[in-house]
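Observations on chain architecture
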Amino acid sequence: QVQLVESGGGLLQAGGSLRLSCAASGSILRINAMGWYRQAPGKQRELVATITRDGSTNYADSVKGRFTISRDNAINTVYLQSNSLKLEDTAVYYCNAAILKIGSTWFEYYWGQGTQVTVSS
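The sections below set out a description of the structure shown in this document.

Details of unusual backbone geometry
Even without being a glycine, Asn 76 presents a positive backbone phi close to 50 degrees. As for its placement among the helices and strands, Asn 76 is situated in the loop between strand S7 (67–72) and strand S8 (77–82).

Structural data, given as structure tokens:
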């Protein structure tokens, strides 16, 4: 089995910073792309940032210059450093990863359970 577990969410004031972590565990042979998505109340889940195995990144326009995605392949973990947080960043943040399980021949996408980030004025 494969599991993604996020941590680092919380309540903070606008302008603050937060670092989210997501650790993948289980019968993992290889992880390709990893990413962060978010879903605000009443809205669809949207992409925040993605990172390839070799470190190439992609960001939503709304977070460019404020958020930084990174990963540590040795421990199967992806991070999201979020700075200059705004009220509109309030959402449940989910991590996602393309994982090749031991014994499998294709990559599957897995999701974490989500972590709440609430930004107050």
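Quick look at the pairing of strand S1 (residues 2–7)
Side chains of S1 alternate between two faces, with Val 2, Leu 4 and Glu 6 buried and Gln 3, Val 5 and Ser 7 left unburied. When S1 meets strand S3 (residues 18–26), the two strands line up antiparallel, connected through six bridges. Pairing of Ser 7 across the sheet is with Ser 21, part of S3.

Brief notes about the sheet that holds S8
Spatially, four strands are ordered S1-S3-S8-S7 in an open sheet, and the strand pairing comes out antiparallel. The open sheet has two edge strands, S1 and S7, and neither has a second partner. On average, adjacent strands in this sheet sit at an angle of 15 degrees to one another, irrespective of strand direction. When S7 meets S8, the two strands line up antiparallel, connected through six bridges. From the neighbouring strand, Thr 68 faces S8, where its bridge partner is Gln 81.

The rules we used
- Residues numbered from 1 in each chain as written.
- Predicted model: local features only at pLDDT ≥ 70, side-chain atom pairs only at ≥ 80, totals over all residues.
- Heavy atoms only, no water.
- Helix = DSSP H or I, 4+ residues; strand = E, 2+ residues; numbered from the N terminus.
- Buried < 20%, exposed > 50% of the residue type's maximum accessible area, 1.4 Å probe, protein only.
- Pairing = 2+ DSSP bridges.
- Axes fitted to C-alpha atoms, helices over the stretch in contact; angles between N-to-C directions.

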